[in-house]
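The residues making up each chain are set out below.
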Amino acid sequence: MTFPSQPGGRDAGRSNDELAAAARSGDTDATEALLRSHLARIHATCRRLCRDPGDAEDAAQESLIAIVRGLPRFDGRSSVSSWIYRITTNACMDELRRRRRRPVPEEPSGDPAWAEISSRGSGQPAAPGADRGSDPADAAVASELRAQLADALGELPEDYRVAVVLRDVADLEYSTIAEVLGVPVGTVRSRIARGRGRLADLLAPRLDGDHPPEGYSGDSGTESARDASKGMEQK
């Protein structure tokens, strides 16, 4: 599914609830606007949960299809965001289960599909050479750091990884994550804190002697891990 990069018209500025209500009534423009507003974060979430670019793309497409098909039955008992990211998370978990039943190819360190999403509105990976205006050496270092961050995140236990991604990549509130995962808010906070701490521990030896990403230092604990995991999509 592809959408115009810039929203506009009468749907601009409408809330999720307003767009969902209109979409349930068959308004295709509202459906597209709702999907567009979440597209970048859906792709980012799938990339970080699935790791494999092909699996992530499959999960993102399955999520979008399930959202469109499910909109007429959405009853508003949860927030629109909770509903969307529950679908996205479930699609990613389905892909991970399928992946466990087949060999996993080694991830190429320079795979452009692992580049950051170039803008919040596009929902697409940055094209190869997108950093043409920057120093090639700096771009190479940034690419390597992103790969190390992604590898470290992939080593987290699944419960921690999902919670950290939903908070630091999808940028969801703790209460929304609790709805998505069906656990208490306190459990969400615990998983995120433990996941960030573990992420910091994993990154420290990998970055020893290298230039750390902006906002990261080996002994700054969960705050550094939060900044580092956010940096995977925002650098």
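Above: the structure in question.
About the thresholds
- Residues numbered from 1 in each chain as written.
- Predicted model: local features only at pLDDT ≥ 70, side-chain atom pairs only at ≥ 80, totals over all residues.
- Heavy atoms only, no water.
- Phe/Tyr/Trp six-rings, centres within 6.5 Å; stacked < 30°, edge-to-face > 60°.
- Buried < 20%, exposed > 50% of the residue type's maximum accessible area, 1.4 Å probe, protein only.
- Lys NZ or Arg CZ within 6 Å of the ring centre and 35° of its normal.
- Salt bridge = Lys/Arg side-chain N within 4 Å of Asp/Glu carboxyl O.
- Helix = DSSP H or I, 4+ residues; strand = E, 2+ residues; numbered from the N terminus.
- Axes fitted to C-alpha atoms, helices over the stretch in contact; angles between N-to-C directions.
- Parallel < 35°, antiparallel > 145°, perpendicular 65-115°, else oblique.
- Left-handed = near helix turned anticlockwise from the far one by under 90°.
- Contact = heavy atoms within 4.5 Å.
- Nonpolar A, V, L, I, M, F, W, Y, C, P; charged D, E, K, R; others polar.

It is not clear to me how the packing of aromatic side chains should be interpreted in this structure. Could you clarify?
To describe a pair of aromatic rings, one takes the distance between the centres and the angle between the planes. Tallied over the full model, the rule gives 1 aromatic pair. Taking the centre distance of 5.0 Å and the plane angle of 40° together, the rings of phenylalanine 74 and tryptophan 83 count as tilted. Here phenylalanine 74 and tryptophan 83 have matching classes, each one buried. Positioned above the aromatic ring of tyrosine 174, the side-chain terminus of arginine 189 is 4.1 Å from the ring centre.

Sorry, what's going on with the pattern of salt bridges here?
Note that side chains of opposite charge can pair when their charged atoms are close. In total, this model carries 8 salt bridges according to the counting rule given. One salt bridge in this structure joins aspartate 94 and arginine 97, with 2.4 Å as the shortest N-O distance. A residue pair is termed a helical-turn pair when its members lie 3 or 4 positions apart in one helix, as aspartate 94 and arginine 97 do in helix α4 (residues 80-100) at 3 residues. What makes aspartate 94 partly exposed here is its relative accessible area of 31%. Residue classification places arginine 97 among the partly exposed positions, given a relative accessible area of 41%. Aspartate 159 is the salt-bridge partner of arginine 191, the closest N and O atoms lying 4.0 Å from each other.

Sorry, what's going on with the packing of α4 against helix α7 (residues 174-181) here?
In a packed pair of helices, the relevant descriptors are the angle between the two axes and the axis-to-axis distance. The contact between α4 and α7 brings their axes to 8 Å, and the two run at 50°. As summarised for this structure, α4 and α7 are arranged oblique, according to the angle between their axes. When the axes of α4 and α7 are compared, the crossing they make is right-handed. Two secondary-structure elements touch here, α4 through Ser81, Ser82, Tyr85, Arg86 and Thr89 and α7 through Thr176, Glu179, Val180 and Leu181. Tallied by class, the residues present in the contact of α4 with α7 amount to 3 nonpolar, 4 polar and 2 charged.

Would you mind going over the side chain of threonine 89 with me for this structure?
Note that threonine 89 resides in helix α4. Residue contacts for threonine 89: discarding those within four places in its chain leaves Val162, Leu166, Val180 and Leu181.

Looking at this model, I keep getting lost on the environment of leucine 71. Mind explaining?
Among the structural elements, leucine 71 can be located in the loop between α3 (53-70) and α4. Accessibility expressed as a relative area gives 2% for leucine 71, which makes it buried. Once the C-alpha coordinates of leucine 71 and threonine 31 are considered, the two residues, 40 residues apart in sequence, prove to be 8.5 Å apart. When residues no more than four places from it in sequence are discounted, the contact partners of leucine 71 are Ala20, Ala23, Arg24, Thr31, Leu34 and Trp83.

Quick question: what am I supposed to make of unusual backbone geometry here?
Glycine aside, negative phi is the norm for most residues, and most peptide bonds take the trans geometry. Although it is not a glycine, arginine 51 adopts a positive phi angle of roughly 70°. By the element assignment, arginine 51 lies in the loop between α2 (28-50) and α3. Its relative accessible area of 23% is what places arginine 51 among the partly exposed residues. Positive phi, close to 65°, is recorded for aspartate 171, a residue that is not glycine.

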